[in-house]
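Single-letter residue listing:
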Amino acid sequence: MIEEELVRKIVEVFSYVEAKVKRVRRVEVKVSREKLPEVAKYLRSIGFKHLSAISCVDRPQHGIFELVYHLWSYENRVHLMLKTTIPRNKPKYVTMINVWPNAFVYERDIWEFFGIEFEGHPDLRHFILDYWDDIPPLRKDFNHLEYIKRKYGVYDPEKEYYLR
Amino acid sequence: MGFQVLETSKLLNYARARSLWIVTFCTGCGGVELPPTATARFDFERFGIISTPSIRQADLLLITGYVTPKTLKRIIIVYEMMRNPKYIIAHGSCPINAGIYWDSYNTVKKLDLYIPVDVWIAGCMPRPEAILRALVKLMRMVKEGKALGWKRYLENFEFYRKNQDRLFGKDWRKREIEKLRFYIHD
Ligand code: SF4
């Protein structure tokens, strides 16, 4: 099977990664944050040319952010999830623009919604949330209700109007 | 004085009601209901309504769904660029009270605090029939001289301005102009 071949190949080159087959056409690769750039370069060279998305998972109970790079290979038709974790306070990571140029938009998005600084990213500006004035909204400790009351006001049925 | 004469002129109101031009500007989910409303099946052109790319020549602004603060800035700029008299129709429950986005951090909860709305359509999402009904109602209101949202905006400008400033910060207009400077030629 092509997935098992891929896993064997990756583990042969990098002995420190954890790779496993999730199911047909899904491969998961876990790697520490220092080693991710070289693994990424290698994966790109064996056909994972398409970065479909970068997702970020907030896990406050473990004190980490999990970054997942979703890669797609056109030759092998395999979806590979390249996972790494970074600490939650003062989160910082390196940019992957030199490997996949379209990481530009995804990293800007993650910076906006989770507050992770990507070193080497040329343009970390607000994208959707203009003039945002709170902690990044997709973090688990962001208080929606309190923010909404402060920003948009609450409905008061007696006065039939919004109060601030 | 000028606009008082205009406002009470029955002939002008009659003419205005039969040539409402729409700004081509869609927000939220409602944009998908406009093509059927505009094309052969429901065909709003039989009421003299067409959509125009030019803001300065348009009379009607459709808010077709939820409004984020970033879009609201564009809506306010577009609305202020339109010439009087001008009308707004808000589609769906999102502009009324944010509908299913009531707890979203990035959706404006009550549109009427920021710009004056003439006709509301309830529903999520209103069907083309409902939109046509709102258009006909607006036409009737214009003809009777009752669609006075634009006048409300002029008279209560302080109130609207205060709410807008509270949401975006005091000098948001200046900051928006800085962003658009690249596209402004004169
Ligand atoms: S009212 Fe419903 S259809 Fe309209 S913008 Fe809101 S969620 Fe979408």
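Scoring rules and cut-offs
- Residues numbered from 1 in each chain as written.
- Chains lettered and ligands numbered in written order.
- Predicted model: local features only at pLDDT ≥ 70, side-chain atom pairs only at ≥ 80, totals over all residues.
- Heavy atoms only, no water.
- Helix = DSSP H or I, 4+ residues; strand = E, 2+ residues; numbered from the N terminus.
- Contact = heavy atoms within 4.5 Å.
- Patch = residues over 30% accessible without salt bridge, like charges linked within 9 Å, V, L, I, M, F, W, Y side chains within 5 Å.
- Areas by Shrake-Rupley, 256 points an atom, 1.4 Å probe, with all protein chains shown as cover.
- Salt bridge = Lys/Arg side-chain N within 4 Å of Asp/Glu carboxyl O.
- Lys, Arg positive; Asp, Glu negative; His and termini not counted.
- Charge placed at Lys NZ, Arg CZ, Asp CG, Glu CD.
- Buried < 20%, exposed > 50% of the residue type's maximum accessible area, 1.4 Å probe, protein only.
- Phe/Tyr/Trp six-rings, centres within 6.5 Å; stacked < 30°, edge-to-face > 60°.
- Lys NZ or Arg CZ within 6 Å of the ring centre and 35° of its normal.
- Domains from an automatic or database assignment.
- Buried area = accessible area lost by both parts, 1.4 Å probe.
- Nonpolar A, V, L, I, M, F, W, Y, C, P; charged D, E, K, R; others polar.
- Arc of directions from axis to C-beta.
- Polar contact = N/O pair within 3.5 Å; in protein donor to acceptor, adjacent residues only side chain to side chain.

## Let's talk about the environment of Leu135(B)
Residues and elements named next belong to chain B. By secondary structure assignment, the location of Leu135 is in helix α6 (residues 128-143). Sequence-wise, Leu135 and Leu20 are 115 residues apart; in three dimensions their C-alpha atoms are separated by 9.2 Å. Filtering out sequence-adjacent residues up to four positions away, Leu135 remains in contact with Phe44, Ile49, Leu60 and Ile89.

## Description of a positive patch on the surface
Residue and element names in this part refer to chain B. There is a patch of like positive charges on the surface, built from Arg18, Arg133, Lys137, Arg140 and Lys143. Its place among the elements puts Arg18 in the loop between α2 (10-17) and β1 (21-23). According to the relative accessible area criterion, Arg18 is partly exposed, its value standing at 37%.

## A few points about the packing of aromatic side chains
Taken as a whole, this structure holds 15 aromatic pairs over all chains when the rule is applied. Look at Phe14(A) and Tyr42(A): their rings are 5.4 Å apart centre to centre, the planes differ by 75°, and that puts the pair in the edge-to-face class. Remark: Tyr42(A) occurs in helix α2 (residues 36-45) and Phe14(A) occurs in the loop between α1 (2-13) and β1 (18-23); sequence separation between them is 28 residues. Since its relative accessible area comes to 9%, Phe14(A) is described here as buried. Among the aromatic residues, ring-to-ring pairing joins Tyr79(B), Tyr153(B), Phe157(B), Phe159(B) and Tyr160(B) into one connected group. Note that Lys86(B) overlies the ring of Tyr79(B), its terminal NZ or CZ placed 4.5 Å from the centroid. Between the NZ or CZ atom of Lys109(B) and the centre of the ring of Tyr152(A), over which it lies, the distance is 4.7 Å.

## Some details on the domain arrangement of chain A
All names here are of chain A. The domains assigned to chain A are domain 1 (2-131) and domain 2 (133-164). On a C-alpha basis, the centres of domain 1 and domain 2 stand 34 Å from each other. Domain 1 puts eleven residues into the contact, and the matching count from domain 2 is eight residues. With both chains or domains summed, domain 1 and domain 2 bury close to 720 Å², and 56% of this area falls on carbon and sulfur atoms. When residues of domain 1 are sorted by the area they lose upon contact with domain 2, Arg88, Phe113 and Phe114 head the list and together hold 49% of the total. There are one salt bridge connecting domain 1 and domain 2. Notably, a salt bridge pairs Asp141 with Arg88, separated by 3.6 Å at the nearest N-O pair. Here the side of domain 1 that touches domain 2 is composed, by residue class, of seven nonpolar, one polar and three charged.

## Section: helix α4 (residues 144-152) of chain A
All names here are of chain A. Here α4 has its buried residues at Tyr147, Ile148, Lys151 and Tyr152. Considered in projection along α4, the buried side chains sweep an arc of 100° and stay on one side of the axis. Put simply, Asn143 is the residue that caps the front of α4, since its side-chain oxygen is 3.4 Å from the backbone nitrogen of Leu145. One or two residues past the end of α4 sits Gly153, with phi positive at roughly 85°.

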